[in-house]
Amino acid sequence: HRPVFRLVSSAGPAAADLGRDEQPPGSEVPGTEDKTPKKRFSEVQRERREQAQRTALIHCPNKISEKKFLKYLSQHGPIKNHFFYESFGLYALVEFCQKDSIDSLKHGSHTPSLSTEAAIPFRSRFFSLRQRNPSSQSSEQSCVKISSQVPPTNRKLFDVLYYAESVDDQLNNLLKASELTEENTKLRYLTCSLIEDIAAAYFPSCTVRPFGSSVNTFGKLGCDLDMFLDLDEFRENTTNKNVGNFLMEFQVKSVPSERIATQKILSVIGECLDHFGPGCVGLQKILNARCPLVRFSHQPSGFQCDLTTNNRIALKSSELLYIYGALDSRVRALVFSIRHWARTHSLTSSIPGAWITNFSLTMMVIFFLQRRSPPILPTLDSLKSLAGAEDKCIIEGNNCTFLSDLNKIKPSGNTETLELLLKEFFEYFGNFAFNKNSINIRQGKEQNKPDSSPLYIQNPFETSLNVSKNVSQSQMQKFVDLARESAWILDQEDRASSDDRPWGLAALLLPSIISKSHAKRSKNKPASERVRSLLESIKQGNTADPASTDGE
Ligand code: GTP
Ligand code: MG
């Protein structure tokens, strides 16, 4: 049922652009995963963090010779890796082989003397490279390869979908086109490492770790950078070293609650970032949110950053999603497509409010994959039962234990195609009894809802909480309507004869269909109801916060 010329163009520019991975998209047969051992989440974090500590960020002149640049920097030691990118100017991320090189680079750099303003002499790993004699080098041709850090345009995505060979290819291509690249991942860990250096001025052994979609395998280019300021890394490790008759403790100041401590710490670190953090702009302290945070833009990387502390459960959720994302190649392909579908239809938004979040959508996909027969993903309870002694983890009284070595999990025997799973996802949730049942990835089965929230997704670690409590009835209805409509479109697709209109996943993302169905729906509603749902969204928007991790 596909247009004939699609085959001819399948190796066209859109398809060729995707080739940043060695493996062609969709080359894996569902259920038959490659056998190379997969790293634990903690291993990835440790390696990336160490790599970031050997890395510097350099603002470069617009015209620069890559060869001369590398020669100049290698004075400080061998360079392992580097790339250039653009973001209000030309930047280079340079990874040295040894950490010492960074000290040498710092040693050889100086604080600029400004003519009309005064510089705050903060010596970070974010540098500016100036040409000594700009006039003699103005004829220099910039011949550096630029690595893109931005998400693909709609046009490109359209081509990627249109020229795919099958619906399965469409889902895999969408994933490859929008997932975080190796370079973007490095930039994320480096940004955390730069912020850590600033926070370390107050808390010398602190760690700033990325969490959320930057690390859980579900991040797409352009997603925010969630950071966790960890002041307590060694708590577990040190307790068992305290042998003997005494227990040594630090003298500390105290405040009435954990929340106040969190607010105080974030407030001070926020000030510090605002005043001294090179490249940190537009800082907002959102300390009264359920999960207090500091939000800012890191200008050179282009990331919007949300810094939180005392948020260890969110890091554990990221690890859990990492495991689910790495277990079966179909999981990420399905999640990316459904997130994209939801964003296109305005079911999700970058503004906090009464809409479904990406996190909730991911939980819904995981739940759906646990419900397949045979299941594609194990339940959280079964991951807990597989856990070893070293995996034991209790956070604030919540049992967050699950297996960390994903190589010990048996691959699923399920070989369903992505095409089938996509259609079945829409059918499943288009007909789900949301009015009476909750979604529960811990047990992998629906349960009676404990309250009347329109959408109830049990928080996997704080099991008395609902991660989608913010979702309004009208948003829920919109989700169900669109899911049914999409199942219907995919069903019609099977029957359609060959023509050259968008097909498969692309047919679900058509703006014409969206605007028509929305216009129809809005027109059918009386004005009073439209105003009421708008007010409802605004009201919820003021109270809900995207970084809230308590599921409220
Ligand atoms: P993006 O939309 O791509 O940023 O996805 P994300 O997963 O990073 O979501 P977000 O930035 O909103 O939140 C970051 C992380 O906080 C998530 O990955 C979760 O681990 C956690 N989180 C977000 N919202 C909730 C929630 O409502 N409940 C719980 N328990 N955790 C949440
Ligand atoms: Mg995020």
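Chains are numbered independently. Their residues run from 1 in the order of the written sequence. As a convention, the first chain written is A and the first ligand written is 1, with the rest following in written order. This being a predicted model, a pLDDT of at least 70 is required before a residue's local features are given, and a value of 80 or more before pairs of side-chain atoms are given or counted; all residues contribute to the totals for chains, interfaces and linings. The side-chain numbers reported here are obtained from all heavy atoms of the structure, hydrogens and water having been left aside.

The next subject is the pairing of strand 5 (residues 207–211). Remark: exposure states derive from per-residue accessible area (1.4 Å probe, protein chains only) relative to the maximum for the residue type, with buried under 20%, exposed over 50%, and partly exposed in between. Helical segments are the DSSP runs of H or I of at least four residues, strand segments are the runs of E of at least two, and each set is numbered from the N terminus. With respect to burial, strand 5 is a largely interior element, 5 of its 5 residues being buried. The alternating pattern of strand 5 places T207, R209 and F211 and V208 and P210 on opposite faces, both of which are buried. Here a strand pair is declared whenever DSSP counts at least two bridges between the two strands. Direction of pairing for strand 5 relative to strand 6 (residues 225–230): antiparallel, over a ladder of 5 bridges. Following the sheet pairing, T207 is matched in strand 6 by D230.

Turning our eyes to something else, we now look at the pairing of strand 3 (residues 90–96). The two faces of the sheet receive side chains in turn, since in a regular strand these alternate between them. By the criterion of burial, strand 3 is predominantly enclosed, with 7 of the 7 residues buried. Alignment of strand 1 (residues 55–60) against strand 3, held across 6 bridges, turns out to be antiparallel. Each residue of the ladder has a partner; that of A56, found in strand 3, is V94. Relative to strand 3, strand 2 (residues 79–86) is paired through 7 bridges, and the arrangement is antiparallel. What sits directly across from F84, in strand 3, is A92. Where strand 2 hands over to strand 3, the hairpin turn is made up of 3 residues, of which F88 adopts a positive phi near 50 degrees.

Looking now at the coordination of the magnesium ion (ligand 2). Tetrahedral coordination by four donors places them ideally at 109.5 degrees to one another around the metal; octahedral coordination by six donors ideally gives 90 or 180 degrees. Listed as protein donors to the magnesium ion (ligand 2) are D224 (OD) and D226 (OD); their distances from the metal cover 2.1 Å. For D224, a relative accessible area of 25% puts it in the partly exposed group. Relative accessible area serves as the criterion here: at 11%, D226 is assigned to the buried category. Coordination partners: N, O, S within 2.8 Å of the metal, 3.2 Å for Na, K and Ca; water not considered, so apparent gaps in a site are possible.

Another aspect to go through is unusual backbone geometry. The linkage connecting S373 with the following residue, P374, adopts the cis geometry, with an omega of -5 degrees. Considering the arrangement of structural elements, one finds P374 in the loop between helix 14 (358–370) and helix 15 (380–385). The phi angle at F88 is positive, at roughly 50 degrees, despite the residue not being glycine. You can call F88 exposed: its relative accessible area is 75%. The backbone of T217 shows a phi angle near 75 degrees, a positive value even though the residue is not glycine. Locating T217 in the fold gives a position in the loop between strand 5 and strand 6.

Once that is clear, we can look at the pattern of salt bridges. Each salt bridge in this description consists of a side-chain nitrogen of Lys or Arg and a carboxyl oxygen of Asp or Glu lying within 4 Å of one another. Within this structure, the stated rule accounts for 23 salt bridges. Note that R371 is salt-bridged to E446, the shortest N-O span being 3.8 Å. A residue pair is termed long-range when its members are at least 10 positions apart, and R371 in the loop between helix 14 and helix 15 and E446 in the loop between strand 12 (437–438) and strand 13 (447–448) qualify at 75 residues. Its relative accessible area of 38% is what places R371 among the partly exposed residues. Sharing partners across several salt bridges, the network here consists of R48, E50, R54, E95, E182 and K186.

Here a Phe, Tyr or Trp ring, Trp counted by its six-membered ring, pairs with any other such ring whose centre lies within 6.5 Å, and the pair is stacked when the planes are under 30 degrees apart, edge-to-face when over 60, and tilted otherwise. Applying the stated criterion across every chain, the model contains 23 aromatic pairs. Ring geometry for W341 and F479: centres 5.9 Å apart, planes at 80 degrees, overall edge-to-face. Taken as a pair, W341 in helix 13 (residues 329–344) and F479 in helix 17 (residues 473–495) lie far apart in primary sequence, 138 residues in all. Here W341 and F479 have matching classes, each one buried. Summarising the aromatic geometry, the rings of F368 and F425 are spaced 5.6 Å apart at their centres and angled 90 degrees between planes, so their arrangement reads as edge-to-face. Here F425 lies in helix 16 (residues 418–430) and F368 lies in helix 14, a separation of 57 residues in the sequence. A connected cluster of aromatic rings, assembled from ring pairs, spans W341, F367, F368, F425, F426, Y428, F429, F432, F434 and F479.

Spatially, the 4 strands line up as an open sheet ordered 2-3-1-4, and their pairing is mixed. The strands lining the two open edges of the sheet, one partner per strand, are strand 2 and strand 4 (126–128). The average undirected angle you get between the axes of adjacent strands in this sheet is 25 degrees. Throughout, an axis means a line fitted to C-alpha atoms (over the contacting stretch in the case of helices), and angles, computed between N-to-C directions, take values from 0 to 180 degrees.

With that settled, the discussion passes to the side chain of T401. Position of T401 relative to the elements: it lies in the loop between strand 11 (398–399) and helix 16. Judged by relative accessible area, T401 falls into the buried class, the value being 8%. Between N or O atoms, a polar contact is any pair within 3.5 Å; within protein, one atom must be a potential hydrogen donor and the other a potential acceptor, and residues adjacent in sequence are included only when both atoms are from side chains. For T401, the side chain forms a polar contact with the side chain of N399, separated by 2.7 Å. Whether two residues touch is decided by their heavy atoms; if any such pair falls within 4.5 Å, the residues are in contact. Not counting the four nearest positions on each side in its chain, T401 is found in contact with K384, A387, D391, K392 and C393.

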